[in-house]
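Residue-level structural notes
One letter stands for each residue in the lines below.
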Amino acid sequence: MDIRLPVGAIFTFYGVILAIYGLASGDLDAHHMIAGLNVNIVAGAGMLVFGVTMLYLARRAPRVPQSTAEPSPRRSGH
Amino acid sequence: MQLHWIDYLIIAIYFGFVVGIGVVLKNFAKTSTDFFLSGRSIPAWITGLAFISANLGAQEVIGMGASGAKYGIATSHFYWVGAIPAMIFVGIFMMPFYYGSRARSVPEYLKLRFDEKTRGLNAISFAVMTVFSSGVSMYAMGKLLQLLLGWDFNVSILLSAGIVLVYTYLGGLTSAIYNEVLQFFLIVAGFVPLVSLGLRDVGGFHGLYSRLADVAVDRGFQSGALTHSWRYMADPSQNPMGVEWFGLVFGLGFVLSFGYWCTDFLVVQRAMAADSMNAARRTPLIAAFPKMVFPFLVILPGMLAIAATSRPAALPTHLHCAEAAPAAQPGERSVAQSWEGLVPPKIDEATCQPLVGTDGRVQADYDLATPMMLMHYFPSGILGLGLCALLASFMSGMAGNTTAFNTVWTYDIYQAYINRHASDHHYLQMGRAATVFGVLISVGAAYVAQAFNNIMDLLQLVFAFVNAPLFATFMLGMFWKRTTGHGAFTGLLAGTLAAAAHHGLTLPAGAVAGVKGGFLGSVLHVYPSEMAQNFWTAIFAWSTCFVVTLLVSLATSPRADRELEGLVYSLTPRPKEEGVPLYRQPGPLAIVVLLMTIALNVIFW
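It should be emphasised that the depicted structure is a prediction, and the values quoted were computed from it without experimental measurement.

**Looking at the overall build of chain A**
- Each helix and strand counted, chain A has 2 helices and 2 strands in total.
- Mapped in sequence order, the helices and strands of chain A form the string α-β-β-α.
- Here chain A holds 78 residues, and the buried ones make up 45% of them.
- Counting only contacts in chain A whose residues sit at least 6 apart along the sequence, the fraction spanning at least 24 positions is 64%.
- As displayed, chain A offers around 4,200 Å² of accessible surface, 68% of which is attributable to carbon and sulfur atoms.

If you want it as structure tokens, here you go:
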């Protein structure tokens, strides 16, 4: 298993949940704001980007058993 | 603190993923090498992150926040002095022996290099230490969750221990390592927003520094005492740590730090699981990059907590009675007035009054610094993530202990002394069984810690005595081929005794004789702080072990050179890095790490 798969999946999941929750909650407490937005939205967006990147990297990696996680150059023919 | 459904959902997803990883990896652990050493097949960046994550227990996350609140930026010494140099050393100089000798554990290396009794001493003390420390941190975690969230102590302990048990039982070291990588990212994801919110609230670094200057003066130090790591280290009375630079550099930076990073199987095991010598050597070096920036994630929250000017809306339950109470005496400060930023005072639960130290000042409950930051700045949603980060740090530390324990138990105790010639499958089963009873003993230890707090203090003290001399033995063994098994064994015992004797004859200022020292009847020296005493205990233990090992080795007969090939520096061929690009070579990587660490020390001087 490529470790980037579960890491990517959970971050994508969390990112979506947090961003939606942040948008829906309408919480504007000054202590909870980063860059004018609720921290849930900002952190959620960041986690989503990270998660999707991880999933992309995992998908792109050549499928060699037990060394799939090492970033290595793409094989010819892909 | 009130959690909402979203927080529970986030925590539940996390639990689901960690168990899921164990289930997926179940079929991978077919031989004992798979189970204990991941079949030596993991790439360097994964072992590197696991290396740092296994080390990052909940006690570190909470404890470093507490130290940040107590000592300020000087806490970074535990990273930039007390970790990075040793991590470079283990990668560059020691990994060739650990990985190259094909030893399956640190005690097994001692057996190859020295003899059976040295291995036995190390294996047994390590195994006992591991399960008990894991129990102590479980206890701390259970207590914290009870305090903050009102979670039942039993439920927290049994649930978190149960989850760690399931995934380490199923997937062995691979599952622990994969989860540690996940936990690493979650810890970062939980703490980056916390620090951002905290910094924004106090007006950035500029605001933080000016607030901390006031706090430092209020505590009776010069205004820069909390914001400079080295400037006040010449005189222990000038810095909040109460240590001087020599004890710091030699005691923490050399003896304690090298003793931990270079000999503790908990971390070394991660590097041993790497897929090549090159990857094994790069493991601690890759780990050094996150380690270097962790102070900004775990220490800064503590500093931000004492700098904060606002108060959380909800309080931990033990403060409810105290908050409303008036001051005990007219003119004294009431509980509500004795907070230091977000850090509440310690409360005497019987009288509901703040506890006052020997210096007449109200004692702050610094362990609550980071938790109060979470409560204050995180709205629900990300609060669940922050709690996941705490739980992740706890679980990664506990899984690290569990996997190190089951390996040392199976290879160095069971196979060495109980059942020598069983099948590989039998040892794999024993490893699984050891995972179960290791966790059970840890849970038991957590309850012992709950019932008899001072027994655990005592045990940890004994562990400190046993650990202090270790690095002298390894250093001599690896770099001086004349070192003998008798020398190593007597050196270790003498070093442990020296540590106990030093501790028993000294006291930190303001302490009473007992577990803090001075238990041998007379007190020969009073140290300015407990930390200074600990550093010097380590220095005495190391020096004694070094001298005794050296003398006994000279008096006993050495082993033949050919038996020591691959185990001693002068008899081991240097690992070759031909054809490896420069950025993937350990040497250049180490230089980059070192330069960055020096730069950080200079910036925060």
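**Regarding the interface of chain A and chain B**
- Of the residues lining the interface, 30 residues belong to chain A; the matching set on chain B comes to 39 residues.
- Between chain A and chain B, a total of about 2,900 Å² is buried, with carbon and sulfur atoms accounting for 76% of that surface.
- A per-residue breakdown of the area chain A buries against chain B is headed by Met1(A), Tyr14(A) and His31(A), which together make up 22% of the total.
- One can count 8 residue pairs in polar contact (both at pLDDT 80 or more) joining chain A with chain B.
- Elements with a contribution of two residues or more to the side of chain A that touches chain B: α1 (4-25), β1 (33-34) and α2 (39-60) of chain A.
- Counting residues per element, the side of chain A that touches chain B draws most heavily on α1(A), which supplies 11 residues.
- A class-by-class count of the residues in the side of chain A that touches chain B yields 22 nonpolar, 5 polar and 3 charged.

**Here's the deal with the packing of aromatic side chains**
All names here are of chain B.
- For the coordinates displayed, the defined rule picks out 44 aromatic pairs over all chains.
- Measuring from ring centre to ring centre gives 6.0 Å for Trp 245 and Phe 246, while their planes differ by 85 degrees; the resulting arrangement is edge-to-face.
- The partly exposed category is assigned to Trp 245, whose relative accessible area is 48%.
- The exposure class assigned to Phe 246 is partly exposed, which follows from its relative accessible area of 37%.
- Measuring from ring centre to ring centre gives 5.4 Å for Trp 409 and Phe 437, while their planes differ by 90 degrees; the resulting arrangement is edge-to-face. Pair noted here: Trp 409 is in helix α16 (residues 382-418) and Phe 437 is in helix α17 (residues 424-451), with a separation of 28 residues, a long-range link.
- For Phe 437, a relative accessible area of 28% translates into the label partly exposed.

**Notes on the pattern of salt bridges**
Residues and elements named next belong to chain B.
- For the coordinates displayed, the defined rule picks out 12 salt bridges over all chains.
- With a closest N to O distance of 3.5 Å, Lys 111 and Glu 116 form a salt bridge.
- Since its relative accessible area comes to 23%, Glu 116 is described here as partly exposed.
- Here Arg 559 ties to Glu 563 by a salt bridge, and the two come within 2.9 Å at their closest N and O atoms.
- You can call Arg 559 partly exposed: its relative accessible area is 29%.
- Taken together, the shared-partner salt bridges in this structure form one network comprising Lys 111, Glu 116, Arg 119 and Asp 412.

**With respect to the side chain of Ser380(B)**
- Among the structural elements, Ser380(B) can be located in the loop between α15 (369-377) and α16.
- Residue classification places Ser380(B) among the buried positions, given a relative accessible area of 15%.
- Once residues within four sequence positions are removed from consideration, Ser380(B) is found in contact with Tyr21(A), Asn40(A), His4(B), Ile6(B) and Asp7(B).

**A word on unusual backbone geometry**
- With a phi angle near 50 degrees, Ala35(A) is a residue other than glycine that sits in the positive phi range.
- Along the chain, Ala35(A) turns up in the loop between β1 and β2 (37-38).
- Taking relative accessible area as the criterion, Ala35(A) reaches 72% and is therefore assigned exposed.
- One non-glycine residue with positive phi stands out, namely Arg102(B), at about 60 degrees.

**Comments concerning a nonpolar patch on the surface**
Residue and element names in this part refer to chain B.
- There is a patch of nonpolar side chains on the surface, built from Ile 591, Leu 594, Leu 595, Ile 598 and Val 602 and spanning about 480 Å² of accessible area.
- Assignment of secondary structure puts Ile 591 in helix α22 (residues 586-603).
- For Ile 591, a relative accessible area of 52% corresponds to the exposed category.

**Considering the environment of Asp27(A)**
- Among the secondary structure elements, Asp27(A) is positioned in the loop between α1 and β1.
- Each C-alpha atom of the pair Asp27(A) and Asn40(A) lies 9.5 Å from the other, and the pair is 13 residues apart in sequence.
- Once residues within four sequence positions are removed from consideration, Asp27(A) is found in contact with His32(A), Met33(A), Asn38(A) and Pro379(B).

**Overview of the environment of Thr12(A)**
Residue and element names in this part refer to chain A.
- By the element assignment, Thr 12 lies in helix α1.
- Once the C-alpha coordinates of Thr 12 and Leu 55 are considered, the two residues, 43 residues apart in sequence, prove to be 8.7 Å apart.
- Here Thr 12 is in contact with Met 47, Leu 48, Gly 51, Val 52 and Leu 55, once residues within four sequence places are set aside.

**Points about the packing of helix α13 (residues 277-307) of chain B against α15(B)**
Residues and elements named next belong to chain B.
- Between α13 and α15, the shortest axis-to-axis distance is 8 Å and the interhelical angle comes to 75 degrees. Relative to α15, α13 is oriented roughly perpendicular. Taken together, the residues of α15 that come into contact with α13 (itself represented by Val 298, Pro 301, Gly 302, Leu 304 and Ala 305) are Ala 369, Thr 370 and Met 373.

**Comments concerning α16(B)**
Residue and element names in this part refer to chain B.
- Over its 37 residues, α16 runs 50 Å from end to end, which matches the ideal 54 Å to within 8%, given 1.5 Å per residue.
- The largest bend in α16 is about 35 degrees, located at Trp 409.
- Counting buried positions along α16 gives 35 out of 37 residues, so the element sits mostly inside the fold.

Cut-off values and rules
Residues numbered from 1 in each chain as written. Chains lettered and ligands numbered in written order. Predicted model: local features only at pLDDT ≥ 70, side-chain atom pairs only at ≥ 80, totals over all residues. Heavy atoms only, no water. Helix = DSSP H or I, 4+ residues; strand = E, 2+ residues; numbered from the N terminus. Buried < 20%, exposed > 50% of the residue type's maximum accessible area, 1.4 Å probe, protein only. Contact = heavy atoms within 4.5 Å. Areas by Shrake-Rupley, 256 points an atom, 1.4 Å probe, with all protein chains shown as cover. Buried area = accessible area lost by both parts, 1.4 Å probe. Polar contact = N/O pair within 3.5 Å; in protein donor to acceptor, adjacent residues only side chain to side chain. Nonpolar A, V, L, I, M, F, W, Y, C, P; charged D, E, K, R; others polar. Phe/Tyr/Trp six-rings, centres within 6.5 Å; stacked < 30°, edge-to-face > 60°. Salt bridge = Lys/Arg side-chain N within 4 Å of Asp/Glu carboxyl O. Patch = residues over 30% accessible without salt bridge, like charges linked within 9 Å, V, L, I, M, F, W, Y side chains within 5 Å. Axes fitted to C-alpha atoms, helices over the stretch in contact; angles between N-to-C directions. Parallel < 35°, antiparallel > 145°, perpendicular 65-115°, else oblique. Expected span 1.5 Å × (residues − 1). Bend = angle between axes of the 7 residues up to and from the residue.

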